[in-house]
Structure formats: structure tokens, C-alpha cells
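Secondary and tertiary structure notes
The chain contents come next:
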Amino acid sequence: DNLGRKTTVLMTGIMSIVSFVLFVIGVRNDWNSWFIGVLYSGFLGGYWTAQDYMVFMASEKVPTKIRGSVLGGLNLLQYIGIFTGMFALTIAQVFISDEWIGVACAISAIPGMIAAMFLIMRMTKETKGTDLESLDEQAEASLAE
């Protein structure tokens with residue numbers, strides 16, 4: 001977090017992608033199970049850390065009165081994505097052999113992760129050090145106009 005929230009999202013997102021790709025390669029090539037476990041934990045740790053920081057960034061840019069609604073909307077979008085991906089991969093399992101399911105998961109997950117990191121880096125402002133009090137004051141001033 002000392003480097004900023006955007007940098008944290010980028011670094012942990014890259015760690016997640018690299019770990020997941022190596023995890024899939026390791027499983028397919030029968031690497032050491034302990035090492036495969038470390039790769040999987042790197043994937044999950046990076047994924048959830050990046051996701052948590054994206055939520056921090058979203059919550060730090062909205063006034064307190066609507067923060068719950070914004071975060072609820074973000075969760076709804078996340079669940080729609082999760083449901084869609086799980087549904088598609090469940091159907092795909094009928095047509096894909098077991099040895100290729102990890103590759104299918106990577107193909108379905110990695111583009112979305114890259115797109116999220118790209119959007120965060122290009123379209124959002126750094127939120128580290130945001131004064132939440134001034135956000136509320138700005139929101140009330142704009143409502144009064």
C-alpha cells in the first residue's frame with residue numbers, strides 16, 4: 001500500500017495471473033505437489049488482494065451516504081460475472097477433456113483480469129490518502145446546488 005493502491009492492484013494482479021498460468025502448466029506436467037500448492041496460493045492471494053484494493057478504491061471515492069449502495073452494486077456485478085463464468089465452464093466440461101479444463105479456466109479468467117487491471121491503471125485516479133470528510137462535504141455542496 002505504500003506504493004499506492006493502483007500499483008498494488010497491478011502487482012498483485014500480475015502475481016495472480018503468473019501464478020495461475022504456472023499452476024496450470026505445473027498440473028499438466030506433474031510438477032511437485034508442494035510447489036503446485038504454492039502457485040495456487042499465489043494465485044488466490046493475488047486475486048483476492050487485487051479485488052480487495054479495487055473495493056477500497058471504489059469506497060474511497062463515494063460519499064458515505066451512498067457507499068453501501070455502490071458496494072452492493074459492485075458485488076452484484078461480481079456475482080453476475082462469477083455465475084456466468086461458472087455456468088460457461090460447467091457446460092464446457094462436457095466438451096473438454098479433464099486435462100484441458102485448467103487451460104479453459106485460464107482462457108476464461110485471464111482476459112477479464114487483464115481488462116480490470118488496464119481499466120484501473122488507465123481510468124481511475126489514485127485513492128491513497130483520500131480525505132473521506134472532504135468527499136462528504138463535496139457531495140453535500142453539489143446536492144445543495
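Preceding this paragraph is the structure being described.
Residues numbered from 1 in each chain as written. Predicted model: local features only at pLDDT ≥ 70, side-chain atom pairs only at ≥ 80, totals over all residues. Heavy atoms only, no water.

Attention shifts here to the nonpolar core. Formed by Ile17, Phe20, Phe23, Val24, Ile36, Leu39, Phe43, Ala106, Ile110, Met113 and Met117, the largest nonpolar core amounts to eleven residues. Not counting chain neighbours up to four residues away, the residues in contact with methionine 113 comprise Gly13, Ser16, Ile17 and Tyr47. In terms of nonpolar packing, the next biggest core, distinct from the first, is built from five residues, Val9, Ala50, Tyr53 and Ile120 among them. (Core = buried A, V, L, I, M, F, W, Y, C linked by side-chain atoms within 4.5 Å. Buried < 20%, exposed > 50% of the residue type's maximum accessible area, 1.4 Å probe, protein only. Contact = heavy atoms within 4.5 Å.)

With that settled, the discussion passes to the packing of helix H1 (residues 5-28) against helix H4 (residues 101-123). How two helices sit against one another is set out by the angle between their axes and by the gap between those axes. Between H1 and H4, whose axes approach to 10 Å, the crossing angle comes to 170°. Accordingly, the angle class assigned to the pair H1 and H4 is roughly antiparallel. Counting all contacts with H1, which are made through Lys6, Val9, Leu10, Gly13, Ile14, Ser16, Ile17, Phe20, Val21, Val24 and Arg28, the residues of H4 involved are Gly102, Val103, Cys105, Ala106, Ile110, Met113, Ile114, Met117, Ile120 and Met121. When grouped by side-chain class, the residues that make up the contact of H1 with H4 number 16 nonpolar, three polar and two charged. (Axes fitted to C-alpha atoms, helices over the stretch in contact; angles between N-to-C directions. Helix = DSSP H or I, 4+ residues; strand = E, 2+ residues; numbered from the N terminus. Parallel < 35°, antiparallel > 145°, perpendicular 65-115°, else oblique. Nonpolar A, V, L, I, M, F, W, Y, C, P; charged D, E, K, R; others polar.)

For the rest of this paragraph, the subject is the packing of helix H2 (residues 33-59) against helix H3 (residues 64-95). Two numbers describe how H2 lies on H3: the axes approach to 10 Å, and their chain directions differ by 145°. Seen along the crossing, H2 lies across H3 with a hand that is right-handed. Judged by residue contacts, Tyr47, Trp48, Gln51, Val55, Ala58 and Ser59 of H2 engage Arg67, Leu71, Leu74 and Gln78 from H3. Its residues assigned to classes, the contact of H2 with H3 comprises six nonpolar, three polar and one charged. (Left-handed = near helix turned anticlockwise from the far one by under 90°.)

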